[in-house]
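Here are the chains, one letter per residue:
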Amino acid sequence: MLPAERKSLIVETIAQQGSVTVDQLVTLTGVSGCTIRRDLDNLAAQGLVDRTHGGAVLPRTGTSYERLYPEKRSFHLKEKQRIGKAAAALVTDGETIILDSGSTTLEVARFLTNRKNLTIITNDLFIATEVQYDPTTLILVTGGILRPGFNVLQGSAAEAMIRSVNVDKAFIGGDAVDVIVGVTNATFAEASLKQLMLAAAREAYLVVDHTKFGKRALAQVAPLDRFTAILTDAGLAAEHRMALVGAQIRFETV
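Let me sum up the structure you'll find in this document. Since the structure is predicted, the reported quantities are computational estimates derived from the model, not experimental observations.

Definitions and limits used
- Residues numbered from 1 in each chain as written.
- Predicted model: local features only at pLDDT ≥ 70, side-chain atom pairs only at ≥ 80, totals over all residues.
- Heavy atoms only, no water.
- Helix = DSSP H or I, 4+ residues; strand = E, 2+ residues; numbered from the N terminus.
- Buried < 20%, exposed > 50% of the residue type's maximum accessible area, 1.4 Å probe, protein only.
- Contact = heavy atoms within 4.5 Å.
- Pairing = 2+ DSSP bridges.
- Axes fitted to C-alpha atoms, helices over the stretch in contact; angles between N-to-C directions.
- Core = buried A, V, L, I, M, F, W, Y, C linked by side-chain atoms within 4.5 Å.

1. Quick word on the overall build of the protein chain
So, step 1. Looking only at helices and strands, the protein chain features 10 helices and 15 strands.
So, step 2. Each principal axis of the C-alpha atoms in the protein chain carries an extent, and together these give about 55 × 40 × 30 Å.
So, step 3. Burial statistics for the protein chain: of 254 residues in total, 51% are counted as buried.
So, step 4. Counted over contacts in the protein chain with a minimum sequence separation of 6, partners at least 24 positions apart contribute 60%.

Right, here's the structure in full:
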């Protein structure tokens, strides 16, 4: 395992468990305790973990904290790819769709390359420029103010664009998902835009990996019953599955 892969695994493990010991990481990775301690010190210097005696925990952050986009793209990529494939399977040729900004919706976009005559509306410049769609697909970018570090557009111009359209389907991400409070986001600007995307769509799908569940962020987006369905990965914890079933929320794990 390369050092970068090992560090990514450490961060993902702490994200899932909340905390971890050096001994646990030695067992998980097969390297020495000295190597793990150096890795943890390095990750702590980057602000990705907080060091504790004998291990590390999740960074102490508020509801407005959000990882930068490059970090998001590296976490749980395989899970996001499976979600993206399942979401893209819901799209048929000729439809008009909205793709919200985010690392999971980017994976939705990557699985739409064989669809024809789509109209895709997005505020995510990675979605607009990194994917090679079929020549018959039309890409509409919202316009707006560029958010540094995320390559997404927001603000009044982006909101005006979304208000002016009606689409078949919208695929929306979120920073946090809680059965009681619904989907929440770290910023009010993006939460407002997501609400407009929901209103513009005949069907709206929440696409989030399992690590988003059981958390709450700063700004309210929508209750879970506002979505046609939730698409997430098979790592979803049993407690969250049961809560969704109890609330009669339609969801699929892939």
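2. As for the sheet that holds strand β2 (residues 50-52)
So, step 1. An order of β1-β3-β2 is seen for the three strands of this open sheet, with the pairing classed as antiparallel. On the outer flanks of this sheet lie β1 (19-21) and β2, each paired with one strand and no other. Between one strand and the next, the sheet's axes are offset by a mean angle of 25 degrees, whatever the strand orientation.
So, step 2. In terms of strand pairing, β1 meets strand β3 (residues 55-57) through three bridges, oriented antiparallel. Each bridged residue has a counterpart across the sheet, and for Val20 the counterpart in β3 is Ala56.
So, step 3. Those strands touched by helix α1 (residues 3-17) are β1 and β3, and its axis lies near 125 degrees from that of β1.
So, step 4. Each of β2 and β3 touches helix α3 (residues 33-45); the most contacted strand, β2, lies at about 140 degrees to it.

3. Description of the nonpolar core
So, step 1. Ile98, Ile162, Leu206, Leu224, Phe227 and Ile230 are the most contacted members of the largest nonpolar core, which has 31 residues in total.
So, step 2. Within the residue set of this core, elements represented by two or more residues are α8 (156-163), β9 (167-172), α9 (188-200), β12 (201-207) and β13 (219-222).
So, step 3. Looking at which element gives the most residues to this core, the answer is α9, with six residues.
So, step 4. If near-sequence neighbours (up to four positions away) are discounted, Ile98 is found in contact with Ile121, Ile162, Val165, Val167, Lys169, Ala170, Phe171, Met197 and Ala200.
So, step 5. One finds Ile83, Phe126, Tyr205 and Val207 within the second-largest nonpolar core, a separate group that totals 21 residues.

4. Digging into the sheet that holds β9
So, step 1. Pairing in this open sheet of seven strands is parallel, and the strands run β6-β5-β4-β9-β12-β14-β15 from one edge to the other. On the outer flanks of this sheet lie β6 (138-141) and β15 (251-253), each paired with one strand and no other. Adjacent strand axes in the sheet meet at a mean angle of 20 degrees when their direction is disregarded.
So, step 2. Relative to β9, strand β4 (residues 96-99) runs parallel, the two being bridged by three bridges. Bridge assignment links Ile98 to a residue of β9, and that residue is Ala170.
So, step 3. The sheet contacts of α9 involve β4, β9 and β12, and relative to β12 the element is tilted by about 135 degrees.

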